[in-house]
Amino acid sequence: MKPVRKAVFPVAGLGTRFLPATKAIPKEMLTVVDRPLIQYAVDEAREAGIEQMIFVTGRGKGALEDHFDISYELEATMRGRGKSLEPLEPTRFPPGAIVSVRQQEPLGLGHAVWCARDIVGDEPFAVLLPDEVMVGQPNCLRQLVDVYERIGGNVVATLEVPPEETHRYGVVDPGKRDGNLTEIRGLVEKPAQGTAPSNLMLPGRYILQPEVMQVLDRKEKGAGGEIQLTDAMAQLIGTQPFHGVTFDGARHDCGEKVGFVIANLALSLQREDMAPAIRAYLANL
Ligand code: UTP
């Protein structure tokens, strides 16, 4: 079984739900407490053993690459003032460990992943959607890697949501269940209300076999006229093992405003230096 060494971060979306904030700033650079969203996803991948981070970017997304580059002027000035460079540690990577490719047009998540096909090559890879902040111990991708190392194939994170919300997500048609592991019999992207095969959705963490790229090569459009990753994954079912792992932890959907604000509250309440002041303010409210 080949190890999972590479992770794809689709970051070419327009982020229209956050306009005007995301007009000149990539959505993935929006900050939860003191780290941009992309940093949470990259940290998660690094902790899960990923060696190469592949950003699928678009126009106006250069800040994402700059964030993981050396900032000579900033560092020299900070050194000159005797300030610690420790807060910059998570942004440092060896040359070649962060690569990027452009998705010229935002034709959908499946298309974004397909844009990374030559860099991914012939090995299993992870996909992380950075606007989903997943908080868990071990972290979400690590939970998937642990299962992958036992059973192989395709392993994706799943989460239960209230049935009235399933129309917003990729949803699982479940087979046999064994603890937190669910055999996946089918997948459907954004099912019409009342038609979802379960309330088990895909929150944006995947380990996929490279064959999914061949399915994406066909560029078939799905829900919303977009090339959907869920549809391509669905076509692998039956030809390769496909399992869901119910994530043990908290998910914050930072692609929409309420989830983003809640993530800021939840994560600041986990910080010793901030929690007392935030808690006092909330109690007062
Ligand atoms: P979203 O559905 O959240 O879309 O994409 P979006 O464009 O980022 O945001 P809204 O809906 O306009 O507010 C989920 C993930 O897939 C990426 C996004 O960057 C995000 O990480 N994506 C989506 C792409 O990289 N390319 C696409 O064509 C579509």
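Structure's up top.
Structural notes, computed from the coordinates. Only a predicted model underlies this, so the values are computations on that prediction, with no experimental measurement involved. (Residues numbered from 1 in each chain as written. Predicted model: local features only at pLDDT ≥ 70, side-chain atom pairs only at ≥ 80, totals over all residues. Heavy atoms only, no water.)

### Digging into the pattern of salt bridges
Tallied over the entire structure, the rule returns 20 salt bridges. One salt bridge connects Lys61 with Glu28, and the closest N-O pair in it is separated by 2.9 Å. Residue Lys61 is found in the loop between strand E4 (52-57) and helix H2 (62-67), and its partner Glu28 is found in the loop between strand E1 (6-10) and strand E2 (31-32); the two are separated by 33 residues along the sequence. As far as burial versus exposure is concerned, Lys61 and Glu28 are alike and both buried. Of the charged contacts in the structure, one is a salt bridge between Arg185 and Asp173, with a shortest N-O distance of 3.4 Å. Taken together, the positions of Arg185 in strand E10 (residues 181-189) and Asp173 in strand E9 (residues 170-178) put the pair twelve residues apart, joining distant regions of the chain. Residue Asp173 is classed as partly exposed on the basis of its relative accessible area, which comes to 25%. Because the salt bridges share partners, they merge into one network encompassing Arg5, Lys6, Glu51 and Glu123. (Salt bridge = Lys/Arg side-chain N within 4 Å of Asp/Glu carboxyl O. Helix = DSSP H or I, 4+ residues; strand = E, 2+ residues; numbered from the N terminus. Buried < 20%, exposed > 50% of the residue type's maximum accessible area, 1.4 Å probe, protein only.)

### Here's the deal with the environment of Leu181
Mapping Leu181 onto the fold places it in strand E10. With relative accessibility at 13%, the residue Leu181 sits in the buried group. The residues touching Leu181, leaving out its near neighbours within four places in the chain, are Val147, Ile151, Lys176, His243, Gly244 and Val245. (Contact = heavy atoms within 4.5 Å.)

### What to know about the pairing of strand E12 (residues 205-208)
Burial of E12 is two-sided: the residues Arg205 and Ile207 facing one way and the residues Tyr206 and Leu208 facing the other way are all buried. Strand direction decides the pairing type here: strand E6 (residues 125-128) and E12, joined by four bridges, are antiparallel. Its bridge partner lying in E12, Ala126 is registered against Ile207. (Pairing = 2+ DSSP bridges.)

### Observations regarding the packing of aromatic side chains
The relation between two aromatic rings is expressed through the spacing of the ring centres and the mutual angle of the planes. Across all of its chains, the model carries four aromatic pairs by this definition. Taken together, a centroid distance of 5.9 Å and an interplanar angle of 70° make the contact between Phe68 and Phe93 edge-to-face. Of this pair, Phe68 sits in the loop between H2 and helix H3 (72-80) while Phe93 sits in the loop between H3 and strand E5 (98-102), placing them 25 residues apart in sequence. We classify Phe93 as buried; its relative accessible area is 16%. By way of ring pairs, the aromatic residues Phe9, Phe55, Phe68 and Phe93 are connected into one cluster. The side chain of Arg35 reaches across the aromatic face of Tyr40, ending 4.1 Å from its centre. Over the ring of Trp114 we find Arg117, and its NZ or CZ is 3.7 Å from the ring centre. (Phe/Tyr/Trp six-rings, centres within 6.5 Å; stacked < 30°, edge-to-face > 60°. Lys NZ or Arg CZ within 6 Å of the ring centre and 35° of its normal.)

### A look at the side chain of Glu75
Tracing the sequence through the fold places Glu75 in helix H3. Assessed through its relative accessible area of 7%, Glu75 is described here as buried.

### Regarding unusual backbone geometry
Of note, the amide linkage connecting Leu19 to Pro20 takes the cis form, showing an omega dihedral of 5°. By the element assignment, Pro20 lies in the loop between E1 and E2. Here Gln137 and Pro138 are connected by a cis peptide whose omega angle stands at 0°. Here Pro138 is to be found in the loop between strand E7 (132-135) and helix H6 (140-151). In the Ramachandran plot, Val33 falls in the positive-phi region, its phi being about 60° despite a non-glycine side chain. Along the polypeptide, Val33 turns up in the loop between E2 and strand E3 (35-36).

### A look at the site of the ligand
Inspection of the region around the ligand gives 18 residues, with Leu14, Thr16, Lys27, Gln103 and Gly108 positioned closest. Within the backbone of Leu107, an N or O atom sits 3.2 Å from an oxygen atom of the ligand. Tallied by class, residues from the shell around the ligand come to nine nonpolar, five polar and four charged. (Near = heavy atom within 4 Å. Polar contact = N/O pair within 3.5 Å; in protein donor to acceptor, adjacent residues only side chain to side chain. Nonpolar A, V, L, I, M, F, W, Y, C, P; charged D, E, K, R; others polar.)

### As for the state of the cysteines
Across all of its chains, the model carries zero disulfides by this definition. The structure places no disulfide on Cys140, whose sulfur is separated from the nearest cysteine sulfur, that of Cys254, by 14 Å. Residue Cys140 is classed as buried on the basis of its relative accessible area of 1%. Exposure remark for Cys254: the relative accessible area of 0% places this residue in the buried category. (Disulfide = S-S within 2.5 Å.)

### Concerning H6
Between its first and last C-alpha atoms H6 spans 17 Å; for twelve residues at 1.5 Å apiece the expected length is 16 Å, and the two agree. Turning to H6, its buried residues are Cys140, Leu141, Gln143, Leu144, Val145, Val147 and Tyr148. Capping of H6 at its N-terminal end is provided by Asn139; its side-chain oxygen lies 3.1 Å from the backbone amide nitrogen of Leu141. Of the residues trailing H6, Gly152 is marked for its positive phi of about 70°. (Expected span 1.5 Å × (residues − 1).)

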